[in-house]
Structure formats: structure tokens, C-alpha cells
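Structural characterization, general
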Amino acid sequence: MKKSIPIISVLGFIFILALTGQNTIPNTRPAIAKQVDALLDSADFYHHKSLDSALEFSLRARELASENNYIEGEVNGLTKAALNLTFKGEPVKMQEIYNQAIYSSRNLKDKSALINTYFAMGESFRSLHHFDKSYYYFQLGIDLIFENPNCQTDNNMAYLYKNLGYLLFYELRDSSVSIDYLRKAKDLYLNIGNNHEYLDMYLNIGNSYRLNNDFTNTRLYFDSCKALLNYNYDVLIDAMYNKLVGALYLDNHNMAIGIDYLNKSIELYNSVRDKKQLGDVYTMLAYAYSNMDDFERCIEYNMLARDSRASLGAITVLTSSMANLSGNYFNIGQYEKALLFADSAYIFASQCDHKFYMYKGALQFFRIYKKIGKTLEALNYLELADSINNILIAQKKPSYQLIESKIKLQNKESMENSKLKIEKTRNQLEYSIYISLFLLFVIILFVFWIFKLKRTLY
């Protein structure tokens, strides 16, 4: 009798273990992580307001994480600092800090921070039109996700689908696949609960259709985003919605309605002091007024764009404003001012090592010198423009990597579907085993009860 109880207890324990499965202990984060994350959030907050402030918060996060041996926080701080340095026009420091982030992450078992670094490097070099390096670092991030099943989280996969979708669309014009990937990113962001990125994907899908001249699907996604804003409002998404709808009307030469939407976008971006986006929208308004032959207002808005970008400290996009102003003054015959702004544009572009704007600046010098009869200077700048353009063309060759990544991802999706079917079969089998164990346990209890009853009766 006494020996029977431990046997039943063991059987009961085995049964419970079989039903619950093996428990796993979640990874713990150091106590300092919350403070580091708060600094990183501040860096994000200032990224479109003041690059100096964003850089300061990024480096403070890195320093605090380093002092407390929180390697993941250190890598994230370095990555954000490098991204800010990209737009400040400091490419050498940018590369140095990215290299520090890669080195610091070498012993991390979870490669998510390193994946984020590689994707950020891809964004940095793409913004500088260094497409060869951009493809290379994006590819490193993509390969890490493919190689490490533990890295295939919803967050990382959403980031992968989003970035690969952008690249396939803007670099290879692979519209159908890129839009499909953006849709998958959208669904994953919904699962994660990242409402901002979820709504942003609606706008990006709509914008992809816009650039494909598909008006119906463009409005479908733009209007769906606007409807969803009624349930969970996001001022930045609303501002971007108005910006992109304005662009849609400008595309269709309906300048008046387009300008109305852009003005609404400016009102919203002003409310959150988003200087980067304000510069972009002012530039779009300048374009609209130039198409209406209102060169005075065109120059006015390009000046506003310049001031907004200068206040942000974004040298890369400030270069664009200088080039635009040079073109404006050239069009109205003020060649001295055109040369002055062309010179500023070329100096800033050289500082950033931004080959595309260096090319545009050289071409602008050629146009001006040719117009004012300085033939020798014009030919020198034409040769410079040609040499820079050859570099740009050579840098765009590695796009086969994007096709390779697309094939890898499609193969992975096919394998995951097969794994899901196998998992379903395995779960059904495990369920049958659990039921059998349960019935066995009931039978043993019943037999024990009968045995105890007989002992009591006799």
C-alpha cells in the first residue's frame, strides 16, 4: 500500500510534464537596459529635429551600456550614432563607428543587433548613392537572418521584407515581388503590434503603385491608411499621407489640389518640428510652383527647404537644396547667384562623398559656364561630370545580389510551409500520445481504487 503511492505520484508527474512540455527560461536583460533604451528613444526622437542632439543621445547610450557591459545596448548606440553622422556629412567618422559596432557585436549570441547594424549601413550608403557598399551590407544582414533560425523573429523578418521590398522596387523595378514583400512586412508589423510601421507599409505600398502609375491601387492603400488612422491616430503617418497624396496630384498635373495637401502636411510636420520632412515638402512645393512658372515662389520654398535642412544639420539633403537654388537662379538669368549656390552644392557633396550630387553640381557648373561663354571651364566640368557618372554606373552593377536574396527568401518560405505541415502532423501525434497517457493514468487509478476497495472489504 505504501509503495503504491510514490508510483502513482511519479506517473502523475510524468503525465503533467507530458502535457506542459519542457519549460524554457526567457533571456533576461540587465537592469541598465531601460535607461539605455530611453536614451536610444531620445536619439530617435531628435533624428528629424536636431542631428547634433540625436548624436549626443546615441553616444550617451553607448557610453552607459559600455560602462555596464551591456553589449547589445552599446552596439545599438553606436549604430544610431553612425546613422546620424551619415546625414551630418561625416562619412569617415560614420564608417569608423559602424566598424566599432561590428567589432563590439562579435561575441553576441543573439545577432539581432548586428543585423540592425548591417541594415543601417545599407541605408547609410544607399543615401550617399554608394550602391555597391549598400548592397554589400544589406546582403550581410540578409545572410545572417538566413543562417540563424533564432534571428528569424517577426521583427527581423518584417525588417527584411521591408528593406528587400524597397531595394527590389527602386533598384530592379521588380514591382510585383517588392509589393508582395511590403504586404508581408505590413502583416508582420501588425502581429508585432508596431502600429506606426504597419500604417507606414500601407503608404509605401500605395506609393509603389503611384510610381507604377496605378491610380486605383494607389488610392486604395492611401485611403485605407487614412481610415485606419481614425482608430489609432499617428500624426507622422497623417503628415506622410498628405505628403504622398499631394505628390499623387502633382503627378497628374493637378497642382492646386496637390499644393493643398502639401500645405496640410507642412502644418502637421510643423506641429512635431520634423525638420527633415519639412525640407522635403518645401522642395515639393518649389517643384509645383516651378511647373506653374511662378519662379519667385519656387525660390521662396527652396530657401525654406534650405533653412529647415540647415537647422537640422543634415548636410546631405542641404546639398540638394543648394543645387535646386542654383538651377532656379540659372533659369531666371542670375548667373552669379547660380554659380554661388552651385559652388556650395559641390563643396557639401564632396564633404559627404555624395557622388550623385557631385555629378549634379559639376553638370550645373557646365551649364552656367557654357551659358556665359566660358568654354574651357565648361568643358572641364563636363569631363568631371562624365567621370563621376561612370563611377555611379559601376556602383550599381551588383544588383544580382538582390535577385539571389529574393530566390533565397522564396525558398525559405517554401521550406517553412513544409515545416508547418510537418509540425501540424507532429502536434497531432503528440496529442494522441497525451490522450493515451491520460487514459493509462485513469486506468491505473481505477485499478488502484479496485485493489484498495478489495483490501478494505476483506
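A few points on the structure. (Residues numbered from 1 in each chain as written. Predicted model: local features only at pLDDT ≥ 70, side-chain atom pairs only at ≥ 80, totals over all residues. Heavy atoms only, no water.)

We now examine the overall build of the chain. Across its full length, the chain holds 20 helices and 0 strands. A fraction of 62% describes how many contacts in the chain between residues 6 or more apart in sequence connect residues 24 or more apart. Only carbon and sulfur atoms are counted for the fraction: they give 56% of the accessible area of the chain, which is about 24,200 Å². (Helix = DSSP H or I, 4+ residues; strand = E, 2+ residues; numbered from the N terminus. Contact = heavy atoms within 4.5 Å. Areas by Shrake-Rupley, 256 points an atom, 1.4 Å probe, with all protein chains shown as cover.)

Attention shifts here to the environment of D260. Mapped onto the fold, D260 is located in helix α13 (residues 255-271). You can call D260 exposed: its relative accessible area is 53%. (Buried < 20%, exposed > 50% of the residue type's maximum accessible area, 1.4 Å probe, protein only.)

Here we take up the packing of α13 against helix α14 (residues 275-291). Relative orientation of the contacting elements α13 and α14 amounts to 160°, with a least axis distance of 10 Å. One way to sum up the angle between α13 and α14 is to call them roughly antiparallel. By crossing handedness, the relation of α13 to α14 is classed as left-handed. When α13 is examined against α14, the residues M255, I259, L262, N263, S265, I266, Y269 and N270 are found in contact with a partner set consisting of Q277, L278, V281, Y282, M284, L285, A288, Y289 and N291. Of the residues that constitute the contact of α13 with α14, the class distribution is 12 nonpolar, 5 polar and no charged. (Axes fitted to C-alpha atoms, helices over the stretch in contact; angles between N-to-C directions. Parallel < 35°, antiparallel > 145°, perpendicular 65-115°, else oblique. Left-handed = near helix turned anticlockwise from the far one by under 90°. Nonpolar A, V, L, I, M, F, W, Y, C, P; charged D, E, K, R; others polar.)

Attention shifts here to unusual backbone geometry. Across residues other than glycine, the phi torsion is negative in most instances, and most of the peptide bonds are trans. The backbone of H253 shows a phi angle near 60°, a positive value even though the residue is not glycine. You can call H253 exposed: its relative accessible area is 65%. The backbone phi angle of R273 is positive, close to 55°, even though this residue is not glycine. With respect to the helices, strands and loops of the structure, R273 is situated in the loop between α13 and α14.

With that settled, the discussion passes to the nonpolar core. Membership of the largest hydrophobic core comes to 112 residues, with the highest contact counts inside it found for M94, Y98, F119, L203, L285 and Y329. In contact with Y329, other than residues within four places in its own chain, are I299, M303, Q334, K337, A338 and F341. Ranked by size, the runner-up nonpolar core spans 11 residues in total, among them I32, A61, L64 and Y70. (Core = buried A, V, L, I, M, F, W, Y, C linked by side-chain atoms within 4.5 Å.)

A word on the pattern of salt bridges. The final tally for this structure, using the stated rule, is 17 salt bridges. With a closest N to O distance of 3.7 Å, E267 and K264 form a salt bridge. With E267 and K264 both in helix α13 and 3 residues apart, the pair spans about one turn of that helix. The partner of D280 in a salt bridge is K276, and the shortest N-O contact between them spans 2.6 Å. With a gap of 4 residues between them, D280 and K276 both fall in helix α14, about one helical turn apart. A relative accessible area of 25% places K276 in the partly exposed class. In the salt-bridge network here, residues are joined through shared partners; they are K243, K276, D280 and R309. (Salt bridge = Lys/Arg side-chain N within 4 Å of Asp/Glu carboxyl O.)

Before going further, it helps to examine the packing of helix α8 (residues 154-172) against helix α10 (residues 195-211). For the pair α8 and α10, interaxial distance at closest approach is 12 Å and the crossing angle is 10°. Considered as vectors, α8 and α10 are oriented roughly parallel to each other. Contacts between α8 and α10 involve K162, Y166, F169 and Y170 from the former and E197, D200, M201, N204, N207, S208 and L211 from the latter.

Let's shift gears to the side chain of N328. With respect to the secondary-structure elements, N328 resides in helix α16 (residues 315-331). Note on N328: relative accessible area 10%, which makes it buried. Sequence-distant contacts of N328, defined by excluding residues within four places in its chain, comprise C298, I299 and N302.

We now examine α8. The terminal C-alpha atoms of α8 lie 26 Å apart, and with 19 residues this matches the ideal 27 Å at 1.5 Å per residue to within 8%. Note on α8: the residue one or two positions beyond its end, R173, has a positive phi of about 60°. (Expected span 1.5 Å × (residues − 1).)

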